[in-house]
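Structure assessment
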Amino acid sequence: MATESSSPAWARVAQPASALWVTPSVICLPRWVLPEQWRDGAGELDWQLHWSDTGEQHIEGTTVVGGRSGALTYTGPASADLIEVHRQLAGHLTFAPGPDLLQHLDELIRCSLALSARDRYATGVQTCLLLDDVYGTRARSVDLGPVVRSSGVALRVWAPTALSVIALVWPPAPEEPLPGRETRVPMSRADSGVWEADLTSAAIDSRYLYEVRVYAPQTGRFETNRVTDPYSIALTLNGTHSVIVDPRDPRWRPTPWLRNPSPPLDRFVDASAYELHIRDFSASDELVPDELRGTYLAFTQDGQGMRHLRSLAEAGMTAVQLLPCFDFGSVDEDRTTWHTPGDLSGMPPDGEEQQARVVEVAGRDAYNWGYDPVHWLAPEGSYASSNEAAEGGSRIAEVREMVGALHGAGLRVVMDQVFNHTHTGGQDRQSILDRIVPGYYHRLDQDGAIHRSAAGANVATERIMAGKLMVDAVVSWARLYHVDGFRFDLMGFHSTQQMAAVRAALDALTLESDGVDGASIHLYGEGWSFGEVAGDALFDQARQGSLAGTSIATFSDRLRDAVRGGGYADGDPRRQGLGTGLGTEPNDATVNDDAWWRLAGDSDLVMLGLAGNLTAYRFRSASGREVSGADVRYGSVPAAYASQPDEVLTYVDAHDNETLFDAMALKLARQVAMPDRVRMNAVALAFATLAQTPVMWHAGADLLRSKSLDCNSYDSGDWFNRLDWTVCDNGFGRGLPPRPENGGRWEYHRPLLADPRLRPFPEDGVAAAAMARDLLRLRYSTRLFRLGSADLICAKVQFPVSGTPDAIGGVIVMHIDDRIGQDVDPDLDGVLVVFNATPARQEQRVPSLAGVGLRLARVHETGLDPVVRRTTWDESAGVLTIPARTVAVLVY
């Protein structure tokens, strides 16, 4: 558990709670929390359950003071059957309440609870598992939130531990929802723990809160909380009140959204996504009206950003992936409160003042990535076009307009979802879940404090009602907004069973009943494994390697790290990779005696990534050994983990970590000229774009976007996150990046930011964008780049030069042979792709294709890169000549 000094108040508890009430007849306690002399003699102690419905009960040392108590019977170590269901209970001792306690279970669950061994040990009791067992199983099928029907509105909230719940209802705007002016509507409690109140249809557009009287372990008191509805689909400004909205109301159904259906996508392996932050998209777009910059409605304008997105769609890009736009807690939605750092132009490119002024206003500006959920079913209000538009159904309408505009541009819409944590917990105002059912929704440690390994208040989606909220929120976004896909932040914090439940709920949606074909909605996420769930400690995680057969993809760090160099936790950001000069153009940090050895390993990872990162894929490694994907190593683990290519999403750049341009600034040798950096940018993107999997680009990767070397710009404001579609200013040299996240790397940053050679000219950005669009055209020029199945990939994708005397370090040769097996492209017999990441023109022998009449792909012949057209093929000798820092596709 984190120390008190490093934990926010919401992560702590008034008193430790190590006991877990699991089922009505089983209470558990970790054996190791007992004094050592009693761990093997627990049966000799006098065990008691203590409760109080007034809050006067508390623990003093080993004694429970106040309240009432009843006897518990020690029943021995947790059984194998119990541990099979709740694997975290291994090593726990079990106790059974007597019949006199069980007959009052419904009352006890609403009390403060403690467990004691008289005069030996005392602790509080966590009830989350019991709530699932008794109430969650009954409530999982109930429609929660404001349910609008022809007869009126039903308000329903799950609060099984509450003593009382009252709905507080205010009239629609413009009347202010002032305390004391509300109508108090008592709610009735069902045996599922769901409280309900019925209102007339006149309540539509009304504001409301729930007044919940409940015991809160964080404070050790009974609290009366006025709290918004977790199932709100509409809110007032800053989410102070929920709003009852009928999403079928014509006011909230804009014509472009109704008129523009989702662009079709037959298979997930055909997908390519452009990851984009809503504010970044238009904050500096001078063709968008001032009042619409940074808003949903900017996507409805003919700005530079929409022109760029349309050009990507025309080249083949299939989707825009939006960073969070659910209601989050890290930005004040009231525009009148926003601060700016002032004019930072003209300051030294390696100066400290820019970051100091950005950091000073970071908590009071308009900027955050938004990975801080408050209301999962409601849109974020800071992206609304005005304070008035953030109220009620208006923000629903504006999100729909955005989705309609993107669909109209030929792009599907993927929403970033964050169910692994909430913004806060405990009694914080923005902790809506914990203030309704304290101690249930969040994952707790053995003291009852909230786990924070996911950078917030970790959510236990393995619990029935937390999992239900996740499923219901995803379905709501699909039905109400016609979203086409979902990206899950830290998906490894959810179980495979939970992700299967999301998949099944979406599959049940139909065009006829729901306005959306749920089976066409694609799912992917971060499959990392760490924190309290690591190693499947609590459940089978939805992580890399555990999703075989689900078509749910995980981001692959294998190819990413091999191309860029290094990994997420590397201390030295200058570590090179295949795409940043490893073994071919060393920088000052490269250790030459191991560069070629590392280059061979990175080459294997890249080849495997191009072939879908499949465990069954076999090829000759760079060292000459015949290996399968499972044999290739990524650190200490197997590199390959997928059974099918749609279980992997390939990328080399994302919102996390330095941008691709900045990574190259850190890793490429300083003497590499800007035109060559442009070419290396294209080579790096090509490794992802021409892989046999879905692919993602970070917005601006195709434009040489820089964040002035910021490795984590989540709160770095518009200054460091600027996205300039005109490519006049790529963002490099805007000063040292903010000290809190980057100060330890300033020694590397200063000389780079001060070097004028590392700032591209507009023509460099234009060239980079053109080369990137050609990569998309190549990807979609033939289905050979998207074979779609492991069998076809294993049969057709080859690396004929790898591990032979003809191999050249820094050059990857990929052959996709359509003459083998099923005919995929009736117009081609095959494709040869050569990635030359070296600084020299290379003559690459491909003996197996001697005598084959290869020709340069038409995309190259008509594209804007004149260098690639210098590629030649000597058919008789089987020798390809390819320019430096070039990717060439040849067909036959």
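Not measured: the values here are computed from a predicted model.

As a further point, take the side chain of Ser-802. Inspection of the secondary structure assignment puts Ser-802 in the loop between strand 35 (797-798) and strand 36 (811-817). We classify Ser-802 as buried; its relative accessible area is 9%. Of note is the side chain of Ser-802, whose polar atom sits 3.2 Å from the backbone oxygen of Ser-621. A distance of 3.4 Å separates a polar atom in the side chain of Ser-802 from the backbone nitrogen of Ala-622. Other than its neighbours up to four places away in sequence, Ser-802 contacts Met-607, Arg-620, Ser-621 and Ala-622.

Bringing the pattern of salt bridges into the picture now. Evaluation of the coordinates by the stated rule reveals 51 salt bridges. Between Asp-302 and Arg-310 there is a salt bridge, and its shortest N-O distance comes to 2.6 Å. You can call Arg-310 partly exposed: its relative accessible area is 29%. Within the structure, one salt-bridge network assembled from shared partners comprises Glu-182, Arg-184, Glu-211 and Arg-226.

Where helix 10 (residues 464-481) contacts helix 11 (residues 496-507), the two axes come as close as 10 Å, and the packing angle between them is 35°. Both helix 10 and helix 11 take part in a crossing whose hand is right-handed. Counted together, Gly-467, Met-470, Val-471, Val-474, Val-475 and Ala-478 of helix 10 and Gln-498, Met-499, Ala-501, Val-502, Ala-505 and Leu-506 of helix 11 form the full contact between these two elements. When its residues are assigned to classes, the contact of helix 10 with helix 11 shows ten nonpolar, two polar and no charged.

Along an α-helix, residues three or four apart share an orientation, since each turn contains 3.6 residues. In a regular helix each residue adds 1.5 Å, so twelve residues correspond to 16 Å; helix 4 (residues 128-139) covers only 14 Å between its end C-alpha atoms and thus falls short of that length. Within helix 4, nine of the twelve residues are buried, which leaves the element mostly enclosed by the surrounding structure. Taken residue by residue, helix 4 has Cys-128, Leu-129, Leu-130, Leu-131, Asp-132, Val-134, Tyr-135, Gly-136 and Ala-139 as its buried positions.

Take the sheet that holds strand 8 (residues 112-117) next. Read once around its circumference, the closed barrel built from seven strands follows the order 1-2-7-6-3-8-9, with strand pairing classed as mixed. Pairwise comparison of adjacent strand axes, ignoring direction, gives a mean angle of 35° for this sheet.

What follows deals with the nonpolar core. Formed by 224 residues in total, the largest nonpolar core has its most connected members in Trp-158, Phe-299, Leu-309 and Phe-486. Residue contributions to this core peak at 13 residues, all from helix 10. The contacts of Phe-299, once residues within four sequence positions are left out, are Leu-276, Ile-278, Phe-281, Met-306, Leu-309, Leu-322, Met-402, Ala-405 and Leu-406. Phe-268, Val-414, Val-533 and Leu-649 belong to the second-largest nonpolar core, a separate cluster that totals 19 residues.

To continue, consider the pairing of strand 42 (residues 886-891). Among the six residues of strand 42, six are classified as buried, and the element is accordingly described as predominantly covered. Taking every second residue as pointing to the same face, both faces of strand 42 are buried, with Thr-886, Ala-888 and Leu-890 on one and Val-887, Val-889 and Val-891 on the other. In this sheet, strand 42 lies alongside strand 37 (residues 830-836) in antiparallel orientation, the contact comprising six bridges. Looking at the pairing, Phe-835 lines up with Val-887 of strand 42. Bridging between strand 39 (residues 855-856) and strand 42 involves two bridges; their strand directions are antiparallel. Opposite Leu-856, over in strand 42, you have Leu-890 as the bridge partner.

Right, let's get into the packing of aromatic side chains. The tally for this structure, following the rule as stated, stands at 26 aromatic pairs. With centroids separated by 3.9 Å and ring planes inclined at 5°, the aromatic side chains of Phe-281 and Phe-299 adopt a geometry described as stacked. Taken together, the residues Phe-281 in helix 6 (residues 278-282) and Phe-299 in the loop between helix 6 and helix 7 (304-315) connect sequence positions 18 residues apart. Given the relative accessible area of 1%, Phe-281 is considered buried. Lying over the aromatic face of Trp-257, Arg-400 brings its terminal NZ or CZ to 4.2 Å of the ring centre. Over the face of the ring belonging to Trp-719 we find Arg-734, whose NZ or CZ atom lies 3.9 Å from the ring centre.

A separate point is the pairing of strand 1 (residues 19-23). Most of strand 1 is tucked away: five of the five residues are buried. Of the pairings in the sheet, the one linking strand 1 to strand 9 (residues 121-126) comprises two bridges and is parallel in character. In the strand pairing of strand 9, Leu-20 is matched with Gln-126.

A separate point is unusual backbone geometry. A negative phi holds for most residues other than glycine; trans holds for most peptide bonds. Of the consecutive residues Ala-173 and Pro-174, the connecting peptide bond is found in the cis state with omega at 15°. Mapped onto the fold, Pro-174 is located in the loop between strand 12 (164-170) and strand 13 (183-186). You will see that Asp-119, though not glycine, has its phi angle at about 65°, which is positive. Mapped onto the fold, Asp-119 is located in the loop between strand 8 and strand 9. A residue is classified by how much of its surface remains accessible, and Asp-119, at 56% relative accessible area, is exposed. Despite not being glycine, Ala-455 has its phi angle at roughly 75°, a positive value. Judged by relative accessible area, Ala-455 falls into the exposed class, the value being 68%.

Per-residue pLDDT for the chain has a mean of 96; in total, 99% of the residues score no lower than 70. Throughout residues 1-5 the model reports pLDDT below 50, and contacts reaching past four residues in sequence, or to other chains, amount to five contacts.

As for its position among the elements, Asp-536 is in the loop between strand 27 (522-525) and strand 28 (553-555). Judged by its relative accessible area of 18%, Asp-536 falls in the buried class. Look past the residues within four positions of Asp-536 in its chain and what remains in contact with it is Arg-87, Gln-541 and Arg-543.

Attention now goes to helix 7. Taking 1.5 Å as the rise per residue, helix 7 with twelve residues should run 16 Å; its terminal C-alpha atoms sit 17 Å apart, in good agreement. For helix 7, every residue scored as buried is listed here: Gly-305, Met-306, His-308, Leu-309, Ser-311, Leu-312, Ala-313 and Ala-315. Contacts from the buried residues of helix 7 go to strand 19 (272-276), helix 6, strand 20 (319-322), helix 9 (394-408), strand 34 (695-698) and helix 20 (762-779). Of the residues trailing helix 7, Gly-316 is marked for its positive phi of about 130°.

Calculation notes
- Counting starts from 1 at the beginning of each chain's written sequence and moves along it residue by residue.
- Restriction of local features to residues with pLDDT of at least 70 applies here, the model being predicted, together with a cutoff of 80 or more for giving and counting side-chain atom pairs; totals for whole chains, interfaces and linings are based on all residues.
- In computing side-chain properties, one takes all heavy atoms of the structure into account and sets aside hydrogens as well as water.
- A run of H or I in DSSP becomes a helix once it reaches four residues, and a run of E becomes a strand once it reaches two; helices and strands are each numbered from the N terminus.
- Three labels apply to residues, based on accessible area from a 1.4 Å probe with only protein chains included: buried if under 20% of the type maximum, exposed if over 50%, partly exposed otherwise in between.
- Think of a polar contact as two N or O atoms within 3.5 Å of one another; within protein, one of them needs to be a possible hydrogen donor and the other a possible acceptor, and neighboring residues in sequence only count if both atoms come from side chains.
- Residue contacts are counted whenever heavy atoms from the two residues lie within 4.5 Å of one another.
- Any Lys or Arg side-chain nitrogen located within 4 Å of an Asp or Glu carboxyl oxygen qualifies as a salt bridge.
- Each axis is a line fitted through C-alpha atoms, taken for helices only over the stretch in contact, and angles between the N-to-C directions span 0 to 180 degrees.
- The hand of a helix crossing depends on one turn: near helix anticlockwise from the far one by less than a right angle means left-handed, and clockwise means right-handed.
- In this classification, Asp, Glu, Lys and Arg are treated as charged, Ala, Val, Leu, Ile, Met, Phe, Trp, Tyr, Cys and Pro as nonpolar, and every other residue, Gly included, as polar.
- The span you would expect from a helix comes to 1.5 Å times its residue count less one.
- Paired strands, as defined in this entry, are two strands with at least two bridges between them according to DSSP.
- Residues belong to one nonpolar core when they are buried, are Ala, Val, Leu, Ile, Met, Phe, Trp, Tyr or Cys, and are joined through side-chain atoms within 4.5 Å.
- To pair, rings of Phe, Tyr and Trp, with the six-membered ring standing in for Trp, must have centres within 6.5 Å; the planes then decide the type, stacked if under 30 degrees apart, edge-to-face if over 60, and tilted in the middle.
- Whether a charge lies above a ring is judged from NZ of Lys or CZ of Arg, which has to be within 6 Å of the ring centre and within 35 degrees of the ring normal.
- Scored from 0 to 100, pLDDT reflects the predictor's confidence in each residue.

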